[in-house]
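Below, each chain spelled out in residue letters.
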Amino acid sequence: MEPNLPDVVLWSIPAFVLLTVVEMVSARIHPDEDAAGYETKDAVTSVTMGLGSLVFDLLWKVPIVAIYTAVYELTPLRVPVLWWTILLMLLAQDFFYYWSHRGHHVIRLLWACHVVHHSSRKFNLTTALRQPWTSLTVWPFYVPLIACGVHPAALAFCSSANLVYQFWVHTERIDKLPRPFEYVLNTPSHHRVHHASQGGYLDRNFGGILILWDRLFGSFAAETERPVYGLTKNIATYNPLRVATHEYAAIARDVRAADSWGERAGRVFRGPGWQPASTAASTTASGAASTTASGAASTTASGAASTTASGAASTTASGAASTTASGAASTAVPVRESTG
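Here's a quick rundown of the structure. (Residues numbered from 1 in each chain as written. Predicted model: local features only at pLDDT ≥ 70, side-chain atom pairs only at ≥ 80, totals over all residues. Heavy atoms only, no water.)

Observations concerning the overall build of the protein chain
At step 1: Looking only at helices and strands, the protein chain has 12 helices and zero strands in total.
At step 2: Starting at the N terminus and ending at the C terminus, the protein chain contains elements arranged as α-α-α-α-α-α-α-α-α-α-α-α.
At step 3: In the protein chain, which comprises 340 residues, the share counted as buried stands at 37%.
At step 4: By sequence separation, contacts in the protein chain at least 24 residues apart represent 75% of the contacts at least 6 residues apart.
At step 5: Accessible area for the protein chain stands at about 19,400 Å²; split by element, carbon and sulfur atoms hold 66% of it. (Helix = DSSP H or I, 4+ residues; strand = E, 2+ residues; numbered from the N terminus. Buried < 20%, exposed > 50% of the residue type's maximum accessible area, 1.4 Å probe, protein only. Contact = heavy atoms within 4.5 Å. Areas by Shrake-Rupley, 256 points an atom, 1.4 Å probe, with all protein chains shown as cover.)

In structure tokens form, the structure reads like this:
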């Protein structure tokens, strides 16, 4: 029998709207010059991406539910839906969410889905709504839960609860919380690090509700400097369709230009910044040659300048001496005009 659990996201929509308005008013009344703040086009794009994700998620739900139902029917295990088992299921779902989230950062095909959420250079509550339209890549990470007897409806409830929790951590208006909360939970401070594009902050703090997973698996980073939000190579568009698909288009271009099947596989299944060894070596050699050429040119120019300056000084001194001597001779002996 299917458990009767509430639609957490639907019930939370009024709170989403209210908190976003409060944040906007707060940013207007008490502006922070260092904060990324709000931009109308960016906020509209984020909201549009969120609304679009609701539509596309309904489409992806059909095959996903079919797969989950098949696995659930095949397994002999059953987890009853009780108040204390729901807490355990939330904990288990958050664990698998961590690995799903981490996987969507380190495998480029999965990153093409998740990059949408990181594509804004702002960080506010509307950023939480910037959701992908191609979330079909998420479901495999939760198959173990279904195989252990968790009902698909219970998993959907836990996933929705996790998503709702993460809404409030997308803000710059809340500073660090007391230490016990910062140690255990995903907080605005931890999630600001996750959305930053600085090198030391990249691919850090993947936890949904708990930050303990990051501390346990070595992906935690504390907020020590002001984050710079967005991508390492930002996209210059507010077009929702391009925001949703730009990385897939980039993958297609790279696969088309690849020289081997190994490179094609790497462009799809390795990390977002992966380059084949030949390209990386070529880039390194090019950079080294450029540096050498630049240094040689600098040395040559420096030497030429030195020689020129030395020559100029020598000529000037010689000319001055010659003029002085000539002047002295002219004074002593009258010069004979040349007759040609």
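Anyway, onward from the coordinates.
Observations regarding the nonpolar core
At step 1: Among the nonpolar cores identified, the biggest contains 22 residues, and Y68, M89, Y142, L145, V150 and L155 are the most heavily contacted of them.
At step 2: Tallying contributions element by element places helix α6 (residues 152-167) first for this core, with six residues.
At step 3: If sequence neighbours within four positions are ignored, Y142 has contacts with Y68, Q93, F96, Y97, S100 and L155.
At step 4: Judged by nonpolar contacts, the second largest core, of seven residues, contains Y165, V169, I209 and W213. (Core = buried A, V, L, I, M, F, W, Y, C linked by side-chain atoms within 4.5 Å.)

Some remarks on the packing of aromatic side chains
At step 1: Tallied over the entire structure, the rule returns 11 aromatic pairs.
At step 2: Geometrically, the ring pair formed by F95 and W213 is edge-to-face, given 5.2 Å between the ring centres and 70° between the ring planes. With F95 in helix α3 (residues 83-106) and W213 in helix α9 (residues 212-217), the pair connects residues that are 118 residues apart, well separated along the chain.
At step 3: Since its relative accessible area comes to 26%, F95 is described here as partly exposed. (Phe/Tyr/Trp six-rings, centres within 6.5 Å; stacked < 30°, edge-to-face > 60°.)

Overview of the environment of N162
At step 1: Along the chain, the position of N162 falls in helix α6.
At step 2: Here N162 falls in the buried class, since its relative accessible area comes to 1%.
At step 3: Along the backbone, N162 and V9 are 153 residues apart, and their C-alpha atoms lie at a distance of 9.8 Å.
At step 4: If near-sequence neighbours (up to four positions away) are discounted, N162 is found in contact with Q93, D94, Y97, G208 and I209.
At step 5: A polar contact of 2.9 Å, which involves the side chain of N162, links it to the side chain of Q93. (Polar contact = N/O pair within 3.5 Å; in protein donor to acceptor, adjacent residues only side chain to side chain.)

Focus on the environment of V150
At step 1: With respect to the helices and strands, V150 occurs in the loop between α5 (143-147) and α6.
At step 2: Taking the C-alpha atoms as reference points, V150 and M89, 61 residues apart in sequence, are found 7.7 Å from one another.
At step 3: Excluding its chain neighbours within four sequence positions, the residues that come into contact with V150 are Y72, V79, M89, L145 and L155.

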